[in-house]
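Listed below, chain by chain, are the residues.
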Amino acid sequence: MDIVHITAELTPVAKVGGLGDVVAGLSAQHQKMGESVEIILPKYDCLLYDQIDDLEMIVDDFKVPWDHGMVDCAIWKGKVHGLSCLFIDPKSDEGFFHRNAVYGQVDDIQRFAFMSRAAIEYLWQSDRQPDIIHCHDWPSALAPVFLFEIYQQLGMTRSRVCFTIHNFKHQGLTGRDLLETTGLHRQDYFCRTDSLLDSQNPHVLNLTKGGIVFSNFVTTVSPSHAIEVMDEEQGFGLEPVLQTHRAKFTGILNGLDYDFFNPFTDPAIDINYDADSITDKANNKLALQKLFSLNEENKPLVAFIGRLDPQKGLDLVEHAIQQSVQLGAQFVLLGSSLDPMIQKHFKSLSNHYDDSQDIHLEIGFNESLSRQIYAGSDFMLVPSRFEPCGLTQLLAMRYGSVPVVRETGGLADTVFDVDYSKYPESQRNGFVFKDFDKTGLDSALNRAIHCYQTQPQRYLEISRHAMLCDYSWNQPAQDYLQVYQSIVH
């Protein structure tokens, strides 16, 4: 099957969040399975160019219709960790992708609308009709609109579109003038509630809504989240359109790159181990305690790794720091925030706990340090308000750090309570709480710490069960192939 991804992010060359990990992981797995995969993304000036092999310009005079004229573009080709990539490089006065940033520009809508138009235009001009065009989040949500409303009439009738929504909170809201700029025109056609018009604001276009309406199939990143965004008000206003199109909407769990995230081979951690040598994991806790000047005792070590964002349940994280220590555990945090007030608050907290030998807050982010914490911690706290999928709990289990999570979204699909789950004992892999409050958190955290302190063998078995879970890309890649095959005629 010929698959082309259109994306704003790709790990590691343009990584902002989990979207880049998903595109890279899913593409790599499909390539291993013998499928043809290519990825189209902008040629940002801030790409990690040392991670791109054989980069060369393959087209120098490629024209894209834009704003009642044409924009000259170059197309570059290269390989990112073995994946074939095309990079769009517009030679426009706006310098769309020469801002030293992926997102955060006042004209982000225009920048990524251009990316979508240029990607489909290039496929058409090069007489390429992939079986599947897979688009991701609002930045590429206009691609199916361009395909079905312009390029099908030009003969591009074979390709079908799968659209994945990774985060419903960011939808790409913009004014109607974008229709003229992009060449879609026809305001009477697109400015309708069954088309691009936002359901809550009649003066605004909603790109994510357009992606839902015009794609052949729509996915989100876990089965539970697919239910929540339709029926539990987590769709941020998109619930009605998801209900309308529910026959072509499902949730497919994200996977994890098990080759890269592998405690048996990971060079970042002190002692390598696997499920059969899980007792060696304790050496990594000792190394972490030394690194952060914590008491080098056999206390349970609870960790939090992630963005310091209200979505992640920061008030519960703060509560858990004190609660863990009161119960005789240690606590380590690694994270940073884009919100200056939150960043300042957690830096202040870090200073407050500076003299503690049981608490360390590391404000910032470092990839190899995160893996040291996964390997060195006994429990990983994920108390999210909502969590479309979540990679933290998957990484934690891969490294044998038992997850303590709130039952929401992908957390509910991957972590099964050791005491109360309906699943067999061998599949139970963590501690789960339902209500988003301190009482709910305490119920799970207290059980987790108590288990470590009073039932060490049982704790080791739970940790081992977590490591033996398979949350690689094997099954999700199969699930996506089934979706692709269902829409290809």
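Residues numbered from 1 in each chain as written. Predicted model: local features only at pLDDT ≥ 70, side-chain atom pairs only at ≥ 80, totals over all residues. Heavy atoms only, no water.

### Quick word on the sheet that holds strand 14 (residues 359-363)
For clarity, the cut-off: When DSSP finds two or more bridges between a pair of strands, those strands are recorded as paired. Here a strand is any run of E in DSSP of at least two residues, a helix any run of H or I of at least four, and the numbering for each starts at the N terminus. The convention used is that axes are lines fitted to C-alpha atoms, helices contributing only their stretch in contact, and that angles between N-to-C directions extend from 0 to 180 degrees.
With parallel pairing, six strands are arranged side by side in an open sheet as 14-13-12-15-16-17. The open sheet has two free edges, formed respectively by strand 14 and strand 17 (431-433), since each of these has just one partner strand. In this sheet, adjacent strand axes meet at a mean angle of 15° when their direction is disregarded. Pairing analysis gives two bridges linking strand 12 (residues 301-305) to strand 15 (residues 379-382), with the strands arranged parallel.

### Remarks on the side chain of S472
What counts, and what does not: Two N or O atoms form a polar contact when they lie within 3.5 Å of each other; inside protein one atom must be a possible hydrogen donor and the other a possible acceptor, and for residues adjacent in sequence the pair counts only when both atoms belong to side chains. Only heavy atoms matter for contacts: two residues are in contact if any of them lie within 4.5 Å across the pair.
Structurally, S472 can be placed in the loop between helix 16 (456-468) and helix 17 (474-487). Side chain to side chain, S472 and D470 meet in a polar contact 2.7 Å long. Those residues in contact with S472 that sit more than four places away from it in its chain are G255, L256 and Y258.

### Focus: the sheet that holds strand 4 (residues 69-80)
Pairing within the open sheet is mixed, and its nine strands lie in the order 3-4-5-2-1-6-7-10-11. Each end of this open sheet is capped by a strand with a single partner; those strands are strand 3 (52-66) and strand 11 (249-251). Within this sheet the neighbouring strands show an average axis-to-axis angle of 25°, counted without direction. Here strand 7 (residues 160-165) runs beside strand 10 (residues 217-220); their pairing, made up of four bridges, is parallel. Opposite C162, over in strand 10, you have F217 as the bridge partner. Docked against the sheet, helix 17 engages strand 1 (2-6), strand 6 (132-136), strand 7 and strand 10, running at close to 140° with respect to strand 7.

### Structural notes on the pairing of strand 1
Each regular strand displays side chains that alternate between the two surfaces of the sheet. Under the convention used in this document: Throughout, exposure labels follow a simple rule: accessible area from a 1.4 Å probe, protein chains only, divided by the maximum for the residue type, with under 20% read as buried, over 50% as exposed, and the rest as partly exposed. Here a crossover is taken to be right-handed if, once the strands point away from the viewer, the path from the first strand over the helix to the second is traced clockwise.
Within strand 1, five of the five residues are buried, which leaves it mostly tucked inside the rest of the structure. Burial along strand 1 is two-sided: D2, V4 and I6 facing one way and I3 and H5 facing the other are all buried. Two strands pair when backbone bridges link them, and strand 1 and strand 2 (residues 36-42) are joined in this way by five bridges, in the parallel orientation. Looking at the pairing, V4 lines up with E38 of strand 2. With respect to chirality, the unit in which strand 1 leads through helix 1 (residues 18-32) into the neighbouring parallel strand 2 is right-handed. Bridge count for strand 1 against strand 6 is four bridges, and the pairing is parallel. Residue pairing for strand 6: I3 is matched across the bridge by I132.

### Considering the nonpolar core
Burial of nonpolar side chains together is a common tendency in soluble globular proteins. We apply this condition: Here the nonpolar core consists of buried residues drawn from Ala, Val, Leu, Ile, Met, Phe, Trp, Tyr and Cys, with membership extended through side-chain atoms lying within 4.5 Å.
Counting residues in hydrophobic clusters, the biggest one holds 79 residues, and the most contacted among them are L10, L41, I88, F114, I120, I133 and L142. Tallying contributions element by element places helix 2 (residues 108-125) first for this core, with ten residues. Once residues within four sequence positions are removed from consideration, L142 is found in contact with A113, S116, L178, T182, L184, L196 and L207. F292, L301, I373 and A375 belong to the second-largest nonpolar core, a separate cluster that totals 39 residues.

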